[in-house]
Amino acid sequence: MIYLLLKQERDLSSLYNYSSSDLSTLLSISSARSLSIIRQLHEVPIYSLLQQYQQQDIRFIPIYHSEYPHCLKNLPQPPWGLYVMGKKGMLADVSMSLAIVGARQADRYAYQSIQLLMPGLVKSGLLIISGLARGADTFAHEAALRAGGKTAAVIAGGFYHLYPKENKTLAKRILSNGLLISEYPPVTKPAKWQFPARNRLISGLSLGTLVVQAGRKSGSLITAYCALEQGKEVFCIPGRITDHLSDGTNDLISDGAKLVRSSEDILAEIIRK
């Protein structure tokens, strides 16, 4: 429904002036449904919410805004707006970014691999994007910060309900030299369906996606497939054939993903090509 309204008026400046008949016609919904929407709109304390967001350094960037990442507008279902916290000017850096994802059960091999690659990636000025999840995501964010680089976390749910809870401290560290991004209002609690949905944003914001460790049913593969659908590069760190956490990455390599042994393998494709 939001998309239909934005097509009618991109800044929604007349939203509160619509009558129930206007909404019924515009959205092809019943009068009862349109009345319910209008009632909900007027029940929301919009000005106090905006004040609260400003006090907490939360900014909303609608799809029509000049700072909205152009790369997301090409997605089949782009977010109609993004909520951001942290170094907001960093959104402009997504033109030079790499997504790093992997298994939540990622082990020392994944940790060491990311540590090996990160200095070269950071030195080249890449913004590291991941999803704040346990395992490989955490390794990627922490390694980028440790190397003095920039990192952004795309989360499911809103900023008031960071998941997992043990990464709240990491999220605060990211805010000091990075960015938190969500397509959901801050009060939104994360739901299962939001995690695969946010993966399209992780890949969409990046020049390419590096998969560190992933089993055949890993959610990280969703990000890789999103990247392929978006025409982006997919990179994989090869793994031991006896390790189930390498099944997904080795399969991707077999299907044509770029095998990564050093940061140069990535940089040669997305920067120096």
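Here, every reference points to the structure presented above.
What you see is a predicted model, and the numbers here were worked out from it, not measured in a lab.

Caption draft 1: Local environment of the sheet that holds strand β7 (residues 208–211). Strand order in the open sheet formed by nine strands is β1-β2-β6-β5-β4-β3-β7-β8-β9, and the pairing between neighbours is mixed. Edge strands, defined here as strands with exactly one partner in the open sheet, are β1 (58–62) and β9 (258–259). Sheet topology note: the strand β8 (residues 233–236)/β9 ladder contains two bridges and is parallel. Paired with Phe235 across the bridge in β9 is Lys258. Against the sheet, helix α8 (residues 168–176) contacts β2 (81–86), β5 (150–154) and β6 (178–182), and its axis sits at roughly 120 degrees relative to β6. Contacting β7, β8 and β9, helix α11 (residues 247–254) runs over the sheet at an angle of about 130 degrees to β8.

Caption draft 2: Main features of the pairing of β2. The element β2 is extensively covered by neighbouring structure, given that six of its six residues are classed as buried. Where β1 lies against β2, five bridges are found, and the strand directions are antiparallel. Among the inter-strand pairings, Ile58 is bridged to a residue of β2, identified as Met85. Pairing of β2 with β6 involves four bridges; the strand directions are antiparallel. When the bridges of β6 are listed, Met85 appears paired with Leu180.

Caption draft 3: View of the pattern of salt bridges. Tallied over the full model, the rule gives eight salt bridges. Salt-bridge contacts for Asp107 lead to Arg240; the nearest nitrogen and oxygen are separated by 3.8 Å. Taken together, the residues span a long stretch of sequence, with Asp107 in the loop between β3 (97–101) and α6 (108–123) and Arg240 in the loop between β8 and α11 at a distance of 133 residues. Judged by relative accessible area, which is 41%, Arg240 ranks as partly exposed. Note that Asp247 is salt-bridged to Arg216, the shortest N-O span being 3.6 Å. Here the residue Asp247 occupies a position in helix α11, and Arg216 occupies one in the loop between β7 and α10 (220–229), the gap between them amounting to 31 residues. Judged by its relative accessible area of 21%, Asp247 is partly exposed. We classify Arg216 as exposed; its relative accessible area is 54%. Connected through shared salt-bridge partners, Asp107, Arg240 and Asp243 make up one network.

Criteria and thresholds
- Residues numbered from 1 in each chain as written.
- Predicted model: local features only at pLDDT ≥ 70, side-chain atom pairs only at ≥ 80, totals over all residues.
- Heavy atoms only, no water.
- Pairing = 2+ DSSP bridges.
- Helix = DSSP H or I, 4+ residues; strand = E, 2+ residues; numbered from the N terminus.
- Contact = heavy atoms within 4.5 Å.
- Axes fitted to C-alpha atoms, helices over the stretch in contact; angles between N-to-C directions.
- Buried < 20%, exposed > 50% of the residue type's maximum accessible area, 1.4 Å probe, protein only.
- Salt bridge = Lys/Arg side-chain N within 4 Å of Asp/Glu carboxyl O.

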